[in-house]
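# Analysis of the macromolecular model
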Amino acid sequence: MKRFLARNAPGYIFLTPWFLGFFLLALGPILASLYLSFTRYDMVSDPRWVGLKNYDYMFTRDRRFWKALNVTFTYVFLSVPARLAMALGVAMLLDKGLRSIGVYRAIFYLPSLLGASIAIAILWRELFEIDGVINGILGLFGIEGIGWISQPSTSLYTLVILAMWQFGSPMLIFLAGLRGIPRDLYEAAEIDGTSKPRQFFRITLPLLAPVIFFNLVLQTIESFKTFSSAFIISNGTGAPADSLLFYTVYLFNEAFKFFRMGYASALAWVLLIIIAFFTAISFLTSKYWVHYENDRD
Amino acid sequence: MKTTATDMTAEMERAAEVAHALRLVQQKRARQARLMKHAFLIVLSFIMLYPLLWLFSASVKPENEIFGQLGLWPSEFVWSNYIDGWNALPKSFSVFYTNSTIVTVLSVIGNLVSCSFAAYAFARLEFTGKNLFFALMMMTLMIPYHVVLIPQYVLFLNLGWVDTYLPLIVPRFLASDAFFIFLMVQFFRQLPRELDEAAMIDGCSPFKIYWVIILPLSLPAMGTAAIFSLIWVWEDFLAPLIYLNDIKSYTVPLALRLFLDVDGQSQYGQMFAMSVLSLVPVIIFFVAFQKLIVRGIATSGMK
């Protein structure tokens, strides 16, 4: 016992804040919300056990739950590929020995830092108003715009564009990845007369696969968590016609507007499972399409 | 014999000329391609910056010029939006900026202390269960805040912490943001182990090694973590939204949202002015510490 302590004490002491945080703020709450998800709980009276009722209601009768899933999945599947394609394209342009790359890099990255702020969400609302700037620009081409956010059919795309505007951080990661590809591979391909698109598919993409994979996992998780901009742009409700009812916005309202804490906990657990599922899928399939440099044969 | 020699030199000269011409054409093409690239990048830069420029210009335009006009240059500069906006809400923005500063400074300190402690343990110390704990730590990266939100709220409510800054600050002293632990572990691992070993032989305690060797050598990583944590806490919206109900204790993002609740009255200029101000600290830190930020993302893949 004494020897165990002597060996481990320093490590455990340094980890104490993390231990406390992990048990009190992560593991504990996750288990607590699992329990709460089987109860009815309004914060006034004690939680009352209702078994699977919350989940039953969610999957069979709650149309807003399905709507929220639909909105969130549409958003993730549109915005993540769009953002990554943008990031990779610009990174490749910047990578090929241009001068003043630092200035471009800074300009393209800045929106990533600002994008989650309330100020930008407010700005976005006004840009896409019926008399906003976007319609002004369209007007120059003789196109008459609409209120992009007040139309349920287009509102979600304004958020996809906001996500694309923030392509800077995956771009930086791609840039670092591109730096790692040996130049002589391209030179050899050039001598062999390999066309540029072929070089892209035969050299760039395969060697960049680990970085693409990393960005994909990270950005997917991030997209599922989108909250502030959706909350502000939809007036906190998911309006118009629930077209901006992001999963997180729905969950927030169930919990802190209607105080259906039990039901909201069930929603939270479903979100956790969805994210875990996508992360697991990416990792399990990665060995088929991601090849790391040191296990090349 | 002689003629063939001259023929050969003539041939070679011609070949050299052709090669030279080819090279010129290639250079010209490369230059053209480079110019095209720059043109494209400049246009893209303008598109990327346009929303921000528009936001700033809208904050100094007369009210009737804000909408329906694309131009960025106002007919006259209405700086009064900044003064009026500062006092437009039931409490002045001095209060909100003070609140945001308190929360941000304490949170950054909390993140740096607690995350560097954890990272030091993971990167440099040996103890039972290390790999398990490390894996658990990495898994918390994936967990959405919304999943722990409700139980955390119940916990803090029972502690009587709602409507105080404690729910925003205390978690940061408990290393709750695993991103920073990960970033620091990556950095600490690169430091030569011989330093620790030499210090250990000299009888240094683990704490002293952390304080005298690891921390001073890790200032770049600490700087990166500090800047990111500062920007994220400054922009944080969800946690303040849940825990702060009294307008006296509102942070800047919560205050900005109040502009949206004011119906009817046209306060757009003031709202934009205060939006611009809320971004200023972030932009200043970005410009000042760009190198640290860029390197931090490239090595750790943070957002």
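Above this text you will find the structure in question.
Values in this document were obtained by computation on a predicted structure and should not be read as measured data.

Our next topic: the overall build of chain A. Within chain A, the secondary structure is distributed over 13 helices and two strands. Taken along its principal axes, the extent of the C-alpha atoms in chain A is 75 × 75 × 35 Å. A total of 297 residues make up chain A; the buried ones form 54% of that total. When contacts within chain A are restricted to residue pairs at least 6 apart in sequence, those whose partners lie at least 24 apart make up 67%. Accessible surface, chain A: about 14,000 Å² in total, of which carbon and sulfur atoms supply 65%. The distance from the centre of the 25 positive side-chain charges to the centre of the 19 negative ones in chain A is 7 Å.

Along chain B, the regular secondary structure elements total 15 helices and zero strands. Since a compact globule built from 303 residues should have a radius of gyration of about 19 Å, the 29 Å found for chain B marks it as more spread out than a globular shape. Dimensions of chain B along its principal axes, counting C-alpha atoms only, are 105 × 75 × 35 Å. A total of 303 residues make up chain B; the buried ones form 50% of that total. Considering only intrachain contacts with a sequence separation of at least 6, the fraction spanning at least 24 residues in chain B is 70%. Accessible surface for chain B amounts to roughly 15,000 Å². Of this, 66% is attributable to carbon and sulfur atoms. For chain B, the distance from the average position of its 21 positive side-chain charges to the average position of its 20 negative side-chain charges is 9 Å.

The next thing to look at is the interface of chain B and chain A. Each partner contributes residues to the interface: chain B has 86 residues there, and chain A has 89 residues. For the pair chain B and chain A, the two sides together bury roughly 7,700 Å², of which 81% comes from carbon and sulfur. Here chain B is connected to chain A by zero salt bridges. Summed over the shared surface of chain B and chain A, the number is five residue pairs in polar contact (both at pLDDT 80 or more). Of the residues in the side of chain B that touches chain A, the class split is 66 nonpolar, 14 polar and six charged.

Now for the environment of Gly238(A). Residues and elements named next belong to chain A. Mapped onto the elements of the fold, Gly 238 is located in the loop between helix H11 (228–233) and helix H12 (247–256). Taking the C-alpha atoms as reference, Gly 238 lies 43 Å from Gly 180; in sequence the two are 58 residues apart. In contact with Gly 238, other than residues within four places in its own chain, are Ser 243, Leu 244, Leu 245 and Val 249.

Let us now look at unusual backbone geometry. Across the junction of Ala239(A) and Pro240(A), the peptide omega takes the value -5 degrees, indicating a cis bond. Here the phi dihedral of Ala175(B) falls at roughly 55 degrees; this positive angle occurs in a residue that is not glycine. Summarising the element assignment, Ala175(B) is placed in the loop between helix H7 (166–173) and helix H8 (178–190). For Ala175(B), a relative accessible area of 4% corresponds to the buried category.

The tally for this structure, following the rule as stated, stands at 11 salt bridges over all chains. As a salt-bridge pair, Arg64(A) and Asp242(A) come within 2.9 Å of each other at their nearest N and O atoms. With a gap of 178 residues between them, Arg64(A) in helix H3 (residues 63–95) and Asp242(A) in the loop between H11 and H12 connect regions that are remote in the sequence. Looking at Arg64(A), the relative accessible area reads 30%, which means it is partly exposed. A salt bridge links Glu11(B) to Arg14(B); the shortest N-O distance between them is 3.8 Å. Separated by three residues within a single helix, Glu11(B) and Arg14(B) lie in helix H1 (residues 2–60), roughly one turn from each other. Through salt bridges with shared partners, a single ionic network connects Asp95(A), Arg179(A) and Arg183(A).

Let us now look at the packing of H3(A) against helix H7 (residues 155–165) of chain A. All names here are of chain A. For the pair H3 and H7, interaxial distance at closest approach is 9 Å and the crossing angle is 35 degrees. With respect to the hand of their crossing, H3 and H7 are arranged in right-handed fashion. Residue-level inspection shows Val 71, Thr 74, Tyr 75, Leu 78, Ser 79, Ala 82, Arg 83 and Met 86 of H3 in contact with H7, the latter providing Leu 156, Tyr 157, Leu 159, Val 160, Ala 163 and Met 164. Broken down by class, the residue content of the contact of H3 with H7 amounts to 11 nonpolar, two polar and one charged.

Tallying each qualifying case throughout the model produces 66 aromatic pairs over all chains. An angle of 20 degrees between the planes, with centres 5.0 Å apart, marks the rings of Trp18(A) and Phe22(A) as stacked. Residue Trp18(A) and its partner Phe22(A) are located together in helix H1 (residues 2–36), separated by four residues, close to a single helical turn. Ring geometry for Phe93(B) against Phe259(B): centres 6.2 Å apart, planes inclined by 20 degrees, an arrangement best described as stacked. Of this pair, Phe93(B) sits in helix H4 (residues 93–124) while Phe259(B) sits in helix H13 (residues 252–261), and the two are 166 residues apart along the sequence. A single burial state applies to Phe93(B) and to Phe259(B), both of which are buried. Counting every residue linked through ring pairs, the aromatic cluster contains Tyr12(A), Trp18(A), Phe19(A), Phe22(A), Phe23(A), Phe122(B), Phe127(B), Phe133(B) and Phe134(B).

Procedures and definitions
Residues numbered from 1 in each chain as written. Chains lettered and ligands numbered in written order. Predicted model: local features only at pLDDT ≥ 70, side-chain atom pairs only at ≥ 80, totals over all residues. Heavy atoms only, no water. Helix = DSSP H or I, 4+ residues; strand = E, 2+ residues; numbered from the N terminus. Buried < 20%, exposed > 50% of the residue type's maximum accessible area, 1.4 Å probe, protein only. Contact = heavy atoms within 4.5 Å. Areas by Shrake-Rupley, 256 points an atom, 1.4 Å probe, with all protein chains shown as cover. Lys, Arg positive; Asp, Glu negative; His and termini not counted. Charge placed at Lys NZ, Arg CZ, Asp CG, Glu CD. Rg over C-alpha atoms; globule rule 2.2 N^0.38 Å. Buried area = accessible area lost by both parts, 1.4 Å probe. Salt bridge = Lys/Arg side-chain N within 4 Å of Asp/Glu carboxyl O. Polar contact = N/O pair within 3.5 Å; in protein donor to acceptor, adjacent residues only side chain to side chain. Nonpolar A, V, L, I, M, F, W, Y, C, P; charged D, E, K, R; others polar. Axes fitted to C-alpha atoms, helices over the stretch in contact; angles between N-to-C directions. Left-handed = near helix turned anticlockwise from the far one by under 90°. Phe/Tyr/Trp six-rings, centres within 6.5 Å; stacked < 30°, edge-to-face > 60°.

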